[in-house]
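Observations on chain architecture
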Amino acid sequence: MPTLASATVGARLWLLVEYAGPWPERLENSGLPEEISELLRRARERGIRPQLIRRPGRRTRTRGEGVRVLVAYGTGRSPWLASGVVAGPDDLDLDALVAGVVPESCILEDEPVFLVCTHAKRNACCARIGLPLARSLAESVPGRVWETSHVGGDRYAANLVCLPHGIFYGSMSQAAALAAANAYRSGEIILDRYRGRAGIPEPMQAVEHFARAHTGERSIGAVAVESSRSDGDVTEAIVRCGDVRVQVVIEPSAFQAPCGAACAETITTYRLVSLDRLTPVRYATPALA
């Protein structure tokens, strides 16, 4: 099953709230404690993606006051991640996060975090495959791995999200998850099972994927869509990969899931129509008479 261009489009800002109790099927219609429910509500109002998180294998809260939170700013050239323990919703300035500023109640983290979806109430496969993957990854990257509620794309279980950039991977094995985590910690992306980067329209995720596949560019920050235009279903984009610029043309393509309608019916993905390297242009200034 193709995974490219399937990362969650509406997620450039993130609020992660630690909660060890049972996760509701949908966070917006939940019986969560009031302080957590209010945090999630305020996040949604501001266009921030809320997630419940817990340590792999842990179902009881550690002793202590307050609620542990992490916030991630995944936009711009320098995404960041911060954490804190707040007494309640009024102790977390989410407007600061929207403005790209670390809330006063949080402190910057110098290591990324990895989210593994284990939300069984949304899809049993997320727990069946995700739980052992989260525990295995946590042994290799201690303190940086969290189980999380629904991240989108149940058909791609197990799903892995790398924050703060919002890098999505799907259909992960334990070995693939460790390779992806190690690459991300080095500032790189592995195209195998790469779903895309959250917060970017799906066609732009697709052109980035094909540009990376052509050039071999792995650095997270080295690829940028300089311009794009659409004509019906066809999208054309100019993409810079390091020192190379390419013209990429794509169009939607339907994919029938192997297990049929019982699992994921027909999936829309993208097909590469053409890809051409652009010749560098050297501008010459004529000598003045």
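Below you will find a few notes about this structure. In this text the structure is predicted, and so the values were computed from the model without any measurement.

Basis of the calculations
- Residues numbered from 1 in each chain as written.
- Predicted model: local features only at pLDDT ≥ 70, side-chain atom pairs only at ≥ 80, totals over all residues.
- Heavy atoms only, no water.
- Helix = DSSP H or I, 4+ residues; strand = E, 2+ residues; numbered from the N terminus.
- Rg over C-alpha atoms; globule rule 2.2 N^0.38 Å.
- Buried < 20%, exposed > 50% of the residue type's maximum accessible area, 1.4 Å probe, protein only.
- Contact = heavy atoms within 4.5 Å.
- Lys, Arg positive; Asp, Glu negative; His and termini not counted.
- Charge placed at Lys NZ, Arg CZ, Asp CG, Glu CD.
- Polar contact = N/O pair within 3.5 Å; in protein donor to acceptor, adjacent residues only side chain to side chain.
- Pairing = 2+ DSSP bridges.
- Axes fitted to C-alpha atoms, helices over the stretch in contact; angles between N-to-C directions.
- Expected span 1.5 Å × (residues − 1).
- Salt bridge = Lys/Arg side-chain N within 4 Å of Asp/Glu carboxyl O.
- Core = buried A, V, L, I, M, F, W, Y, C linked by side-chain atoms within 4.5 Å.

Structural notes on the overall build of the protein chain
- Counting secondary structure elements, the protein chain contains 5 helices and 14 strands.
- For 289 residues, the compact-globule estimate of 2.2 N^0.38 gives 19 Å, and the C-alpha radius of gyration of the protein chain, at 20 Å, lies within 12% of that figure.
- Taken along its principal axes, the extent of the C-alpha atoms in the protein chain is 75 × 55 × 35 Å.
- Out of the 289 residues in the protein chain, the part that is buried amounts to 48%.
- In the protein chain, 63% of the contacts between residues at least 6 apart in sequence involve partners at least 24 apart.
- Counting 33 positive and 32 negative side-chain charges, the protein chain places the centres of these two groups 4 Å from one another.

Concerning the environment of Arg42
- Its location among the elements puts Arg42 in helix 1 (residues 34-45).
- Given the relative accessible area of 22%, Arg42 is considered partly exposed.
- Spatially, the C-alpha atoms of Arg42 and Pro89 are 8.2 Å apart, while their sequence positions differ by 47 residues.
- Apart from residues lying up to four places away in sequence, Arg42 is in contact with Pro89, Asp90 and Leu94.
- A polar side-chain atom of Arg42 sits 2.9 Å from a polar atom in the side chain of Asp90.

Structural notes on the sheet that holds strand 5 (residues 107-108)
- One open sheet accounts for 10 strands, arranged 5-4-3-1-2-7-6-8-9-10; its pairing is mixed. In this open sheet, the two edge strands, each paired with only one partner strand, are strand 5 and strand 10 (194-197).
- In this sheet, strand 4 (residues 80-86) lies alongside strand 3 (residues 67-73) in antiparallel orientation, the contact comprising 7 bridges. The residue of strand 4 that forms the bridge with Arg68 is Val85.
- Across the sheet, helix 1 touches strand 1 (13-18), strand 2 (49-54) and strand 3, and the angle it forms with strand 1 is around 175 degrees.

Observations regarding helix 1
- Under the 1.5 Å per step criterion, the end-to-end length of helix 1 is 16 Å for 12 residues, consistent within 8% with the ideal 16 Å.
- Gly47 sits one or two positions beyond helix 1 and adopts a positive phi of about 75 degrees.

Topic: the pattern of salt bridges
- Throughout the structure, instances matching the rule amount to 16 salt bridges.
- Two residues, Arg46 and Glu45, come together in a salt bridge whose shortest N-O distance is 3.8 Å.
- We note a salt bridge from Arg240 to Glu226, for which the minimum N-O separation is 2.7 Å. Of this pair, Arg240 sits in strand 12 (residues 234-241) while Glu226 sits in strand 11 (residues 223-231), and the two are 14 residues apart along the sequence.
- Accessibility expressed as a relative area gives 39% for Glu226, which makes it partly exposed.

Observations concerning the nonpolar core
- Within the largest apolar cluster, 24 residues are counted, with the highest numbers of intra-cluster contacts made by Leu15, Val17, Ile36, Leu52, Val69, Leu92 and Leu97.
- Contributions of two or more residues to this core are made by strand 1, helix 1, strand 3, strand 4 and helix 2 (94-98).
- For Leu97, the contacting residues outside a window of four places in its chain are Leu13, Trp14, Ile48, Val71, Ala72, Tyr73 and Trp80.
- One finds Leu137, Val141, Met172 and Ile220 within the second-largest nonpolar core, a separate group that totals 21 residues.

Such coordinate-based values are descriptive only and should not be taken to indicate function.
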